[in-house]
Amino acid sequence: MNDKKSYEKAVEELSLMLMYLTRTQDNNEFCRYREISWKGYDFGMLDRLSDEELIIQPRSRRGYDKYLYLTEQGRRKAQELLAEYGLCDKTLNERFVLRNILPEEAEQAAEIEKICFPPNEACTREKIVERVAAAPELFLVAVDQETGKLAGFLNGIATDEYAFRDEFFTDIRLHKPDGKNVMLLGLDVLPAYRGQGLAREIMYAYLRREHENGRKMIALTCLKPKVKMYTRMGYQNKGISQSAWGGEQWYDMVYVLNI
Ligand SMILES: CC(C)(COP(=O)(O)OP(=O)(O)OC[C@H]1O[C@@H](n2cnc3c(N)ncnc32)[C@H](O)[C@@H]1OP(=O)(O)O)[C@@H](O)C(=O)NCCC(=O)NCCS
């Protein structure tokens, strides 16, 4: 029996992998999280990948743009194909899987929170467990493929409100799954995994996911030394926040995803 892939299928799969491997950061300051690929491929094949919701081909008034980007589903498919074909991925993508949290990972997340934040800023174990139960889809965890354990995570809740307030940290009843906006409550990377771009990877993957989910805005608060870090990720600094969490002075940072 001939179990070779058809010519059409082979071109489609190889093109998807190439789009994925050659993607580069979009320099557009409004969507730093997006990674684009150039469109030097057969148009019929591109349309099929669009129909399968693996890529998006942006259109402006002048017609189709010269670049495309992969959907989260497209990225996953390309990663699976690379594994199937025995090809390399970027180091971070090979080392970590980014996904929603599992219920049994709540205790690990609570431990990491304790390591990453001083007691006045850290979210308590009970609150983390509560959040994992009520809003697992608003978590994004990075799992070290070698150990199967969490290396870091980002979490938040969804709401129709626009201004950050401290009750978001403590009252999970404020979570509205289909809320227009996301209030980020914590970004944690374990010390052993720091300084390698993992926090940025988690933040951008979260923004891509929530952009696809149609959210309008992502907000967070941070201390002054972190303002530059978030600004470089594309967040706007809205100045000193009303938040008095942990008795500290916080800055409001905002990312507009969909107008
Ligand atoms: C802050 C933290 C998430 C960074 O994780 P990381 O994986 O080391 O970060 P990355 O390697 O992805 O670095 C991304 C960018 O942030 C900058 N950055 C990293 N740690 C920083 C820190 N502690 N202070 C200021 N900037 C920092 C990096 O220099 C890099 O900047 P670049 O865009 O100029 O290259 C991690 O140190 C941590 O968990 N700290 C404790 C909890 C915390 O402070 N969370 C953020 C709360 S607002």
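Chains are numbered independently. Their residues run from 1 in the order of the written sequence. Residues qualify for local features only when their pLDDT is at least 70, as the model is predicted, and side-chain atom pairs are given and counted only at 80 or more; totals for whole chains, interfaces and linings, by contrast, use all residues. Calculated side-chain values reflect all of the structure's heavy atoms, with hydrogen atoms and water omitted.

Please explain the packing of aromatic side chains as it appears in this structure.
Here a ring pair, both rings aromatic, is described through the centre-centre distance and the interplanar angle of the planes. Aromatic contacts are taken between Phe, Tyr and Trp rings whose centres are within 6.5 Å, Trp giving its six-membered ring; a plane angle under 30 degrees counts as stacked, one over 60 as edge-to-face, and the others as tilted. For the coordinates displayed, the defined rule picks out nine aromatic pairs. Relative to Tyr255, the ring of Tyr33 has its centre 5.5 Å away and its plane inclined at 65°; by these criteria the two rings are edge-to-face. With Tyr33 in the loop between strand E1 (24-25) and strand E2 (35-38) and Tyr255 in strand E13 (residues 251-256), this pair connects stretches of sequence that are 222 residues apart. Only protein chains enter the accessibility calculation, which uses a 1.4 Å probe; a residue whose area is less than 20% of its type maximum is buried, one above 50% is exposed, and one in between is partly exposed. For Tyr33, a relative accessible area of 3% puts it in the buried group. Residue Tyr255 is classed as buried on the basis of its relative accessible area of 1%. Over the face of the ring belonging to Phe168 we find Arg165, whose NZ or CZ atom lies 5.4 Å from the ring centre. Two conditions define a charge located above a ring, namely a distance within 6 Å from the ring centre to NZ of Lys or CZ of Arg, and an angle within 35 degrees of the ring normal. Above the plane of the ring of Tyr206 lies Arg209, whose end atom (NZ or CZ) is 4.7 Å from the centre. Helix numbers and strand numbers start at the N terminus; a helix is a DSSP run of H or I with at least 4 residues, a strand a run of E with at least 2.

Quick question: what am I supposed to make of the sheet that holds strand E10 (residues 181-189) here?
Strand pairs in the sheet, formed through backbone hydrogen bonds, run parallel or antiparallel to each other. We call two strands paired when DSSP finds no fewer than two bridges between them. One open sheet holds the seven strands; their spatial order is E7-E8-E9-E10-E11-E13-E12, and the pairing between them is mixed. A single partner strand is all that each edge strand has here, and the edge strands are strand E7 (96-99) and strand E12 (236-240). The average angle at which neighbouring strand axes cross in this sheet is 25°, direction not considered. Across three bridges, E10 lies against strand E11 (residues 217-222) in parallel orientation. Directly across from Asn181, in E11, lies its bridge partner Met217. Whether two residues touch is decided by their heavy atoms; if any such pair falls within 4.5 Å, the residues are in contact. Interaxial angles span 0 to 180 degrees and are taken between N-to-C directions of axes, which are lines fitted to C-alpha atoms, for helices over the stretch in contact. Of the strands in this sheet, strand E8 (139-144), strand E9 (150-159) and E10 are in contact with helix H6 (residues 125-134), which crosses E8 at around 100°. Taken strand by strand, helix H8 (residues 198-212) contacts E7, E8, E9, E10, E11 and E13, and its axis lies near 160° from that of E10.

Whenever I open this one, the site of the ligand confuses me. Can you help?
Any residue with a heavy atom positioned within 4 Å of a molecule or strand is treated as near that molecule or strand. Not every one of the 18 residues close to the ligand is listed here, only the nearest: Leu187, Gly195, Gly197, Arg200 and Arg232. For the accessible areas, the method is Shrake-Rupley and the probe is 1.4 Å, while residue cover comes only from the protein chains on display. Computed on the free molecule, the ligand has an accessible area of 890 Å², of which 72% lies beneath the protein chains in the complex. Broken down by secondary-structure element, the contributors of at least two residues to the shell around the ligand are E10, H8 and helix H9 (227-232). Along the lines of polarity and charge, the residues of the shell around the ligand split into 10 nonpolar, three polar and five charged. Three classes are used: nonpolar for Ala, Val, Leu, Ile, Met, Phe, Trp, Tyr, Cys and Pro, charged for Asp, Glu, Lys and Arg, and polar for all others, with Gly counted as polar.

Mind showing me how you'd approach the domain arrangement of the chain here?
As a measure of interface size, the accessible area lost when the parts come together is often cited. Residue ranges labeled as domains rest on an automatic or database domain assignment. According to the domain assignment, the chain consists of domain 1 (7-89) and domain 2 (94-256). Each side of the interface is counted separately: domain 1 has 15 residues, and domain 2 has 14 residues. Across the domain 1 to domain 2 interface the summed buried area is about 1,100 Å²; carbon plus sulfur atoms make up 46%. Any N or O atom pair separated by 3.5 Å or less is treated as a polar contact, with the protein-specific requirement of one donor-capable and one acceptor-capable atom, and with residues adjacent in sequence counted only for side-chain atom pairs. Our count for the contact surface shared by domain 1 and domain 2 stands at eight residue pairs in polar contact (both at pLDDT 80 or more). Grouping the constituent residues of the side of domain 1 that touches domain 2 by class yields six nonpolar, two polar and seven charged. A quick way to say it: buried area is the sum, across both parts, of accessible area lost when two parts are put together, with a 1.4 Å probe.

Looking at this model, I keep getting lost on the sheet that holds E2. Mind explaining?
Read from one edge of the open sheet, four strands run E1-E2-E6-E3, paired in antiparallel fashion. Strand pairing shows two members of the sheet lacking a second neighbour, E1 and strand E3 (55-56), which therefore form its edges. Running over the sheet, helix H1 (residues 7-21) touches E2, E3 and strand E6 (67-70) and is turned about 95° from E6.

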